[in-house]
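Structural features, examined
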Amino acid sequence: MNHKRVAILISGGGSNMVSLVDGMTGDHPARPCLVLSNDANARGLKKAAERGIPTASVDHRPFKGDRAAFEAELLKPLEAAQPDIVCLAGFMRVLTGDFVSRFQGRMLNIHPSLLPKYKGLNTHARAIEAGDGEHGCSVHEVTAALDDGPILGQARVNIEPADTPEDLAARVLVWEHKLYPAVLRRYASGDRTPVLLP
Ligand code: GAR
């Protein structure tokens, strides 16, 4: 089989990256080709290396105020890996429209809310604060607008009265780890029908 090549961008622990990578075996139509971070100390890089995946990092901090210059550096290892699909998995830098347009139609992101609700940060606290009965996570195609773009899958989680943002985040994360691999598998096979869980 001619596998699709998947590059995964992370900033931290990389638990979603691990769930994507660990799913890409057997009859899965894709395989990981690179794990890339904006932080050389991201714990996920070690997890990727342990799994035998090439890793790279480009520290965003020296480029403060110059997003385009940071992205030019980020593009070097990314383009060298020749990905068919780019998965943002807890990648916490906002990307410019220029960068995104290079990967239009082949870049995915996971976001911890039921989009279009709660774009941006602190999603769990905002859902609790709003008195919502449910929350969850979404995988979407990345477009130039932040946390926007066609939705490829969602998983829903009930909010319990005693939930702290941390409790809720932990329960949503369990579903992120089911949702993202399911969406990637479907997407890599050319099917963009949304995955709805549970
Ligand atoms: C995940 O909850 C992901 O949805 C979120 O960051 C966490 C990364 O965890 N992403 C965003 O908030 C993107 N705006 P991980 O590094 O363990 O996958």
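Think of each chain on its own: its residues are numbered from 1, step by step along the sequence as written. Totals for whole chains, interfaces and linings use all residues, but because this is a predicted model, local features are given only for residues with pLDDT of at least 70 and pairs of side-chain atoms are given and counted only at 80 or more. Excluding hydrogens and water, the side-chain values take into account all heavy atoms of the structure.

With that settled, the discussion passes to the pattern of salt bridges. Here, a salt bridge means any Lys or Arg side-chain nitrogen found within 4 Å of an Asp or Glu carboxyl oxygen. With the rule as written, the count across this model stands at 11 salt bridges. The salt bridge partner of K46 is E50, with a shortest N-O separation of 3.3 Å. One end of the pair, K46, and the other, E50, are both in helix α2 (residues 43-50), 4 residues apart, so they sit about a helical turn from each other. Each member of the pair, K46 as well as E50, is classed as exposed. One salt bridge in this structure joins D59 and R61, with 2.9 Å as the shortest N-O distance. Exposed residues in this analysis have more than 50% of their type's maximum accessible area, buried residues have under 20%, and partly exposed residues fall in between, with area computed by a 1.4 Å probe over protein chains only. D59 sits in the partly exposed class, given a relative accessible area of 28%. The exposed category is assigned to R61, whose relative accessible area is 55%. Helix and strand assignments come from DSSP, with helices taken as H or I runs of at least 4 residues and strands as E runs of at least 2, each series counted from the N terminus.

Consider each residue's heavy atoms; a residue with any of them within 4 Å of a molecule or strand counts as near. Every residue near the ligand is listed here: G13, G14, S15, N16, G90, M92, I110, H111, P112, L173 and E176. Contact distances for the ligand include 2.8 Å between an oxygen atom and a backbone N or O atom of G14. In this structure, an oxygen atom belonging to the ligand sits 2.5 Å away from a side-chain N or O atom of S15. Notes on the ligand: free accessible area 440 Å², of which the protein chains cover 81%. Counting residues per element, the ones that place at least two in the shell around the ligand are α1 (15-23), β5 (107-111) and α6 (165-188). In terms of residue class, the shell around the ligand is made up of 4 nonpolar, 6 polar and 1 charged. Side-chain atoms alone can form a polar contact between residues adjacent in sequence; in general such a contact is a pair of N or O atoms within 3.5 Å, and within protein one must be able to donate a hydrogen while the other accepts it. With residues, only the protein chains shown are counted as cover, and all accessible areas are computed by Shrake-Rupley using a 1.4 Å probe. Three classes are used: nonpolar for Ala, Val, Leu, Ile, Met, Phe, Trp, Tyr, Cys and Pro, charged for Asp, Glu, Lys and Arg, and polar for all others, with Gly counted as polar.

Right, let's talk about unusual backbone geometry for a bit. Omega for the peptide link from L115 to P116 comes to 15 degrees, which places this bond in the cis form. Tracing the sequence through the fold places P116 in the loop between β5 and α5 (123-129). Here L197 and P198 are connected by a cis peptide whose omega angle stands at -5 degrees. Along the chain, P198 turns up in the segment after β8 (195-197). Not every positive phi belongs to a glycine, and N122 is a case in point at roughly 55 degrees.

Attention now moves to the pairing of strand β1 (residues 4-10). β1 sits mainly inside the fold: 5 of its 7 residues count as buried. DSSP calls a pair of strands paired once it identifies at least 2 bridges connecting them. As defined by bridge partners, β1 adjoins strand β2 (residues 30-37) across 7 bridges and the pair is classed as parallel. Among the inter-strand pairings, V6 is bridged to a residue of β2, identified as P32. As paired strands, β1 and strand β4 (residues 85-88) are joined by 4 bridges and run parallel to one another. Of the residues in β4, the one forming a bridge with I8 is C87.

Let us look at the pairing of strand β6 (residues 134-141). Of all the 8 residues making up β6, 7 are buried; the element is thus mostly covered by neighbouring parts of the structure. Bridge analysis of β5 against β6 gives 4 bridges, and the strand direction is antiparallel. Paired with L108 across the strands is E141, a residue of β6. Inspection of the sheet shows β6 paired to strand β7 (residues 151-158) by 7 bridges, in the antiparallel sense. By the bridge assignment for β7, H135 is matched with V157.

So, on to the packing of α1 against α6. Inter-axis angles, ranging from 0 to 180 degrees, are taken between N-to-C directions of lines fitted to C-alpha atoms, where helices are fitted over the stretch in contact. For the pair α1 and α6, interaxial distance at closest approach is 9 Å and the crossing angle is 40 degrees. Classified by the interaxial angle, the pair formed by α1 and α6 is oblique. Considering only the axes of α1 and α6, their crossing is right-handed. Contact residues: S15, N16, S19, L20 and G23 in α1; L173, E176, H177, Y180, P181, L184 and R185 in α6. Its residues assigned to classes, the contact of α1 with α6 comprises 5 nonpolar, 5 polar and 2 charged. Reported orientations rely on four angle classes, namely roughly parallel under 35 degrees, roughly antiparallel over 145, roughly perpendicular from 65 to 115, and oblique for the rest. What makes a crossing left-handed is the near helix being turned counterclockwise from the far one by less than a right angle; a clockwise turn instead makes it right-handed. Residue contacts are defined here by distance: any two heavy atoms, one from each residue, within 4.5 Å place the two residues in contact.

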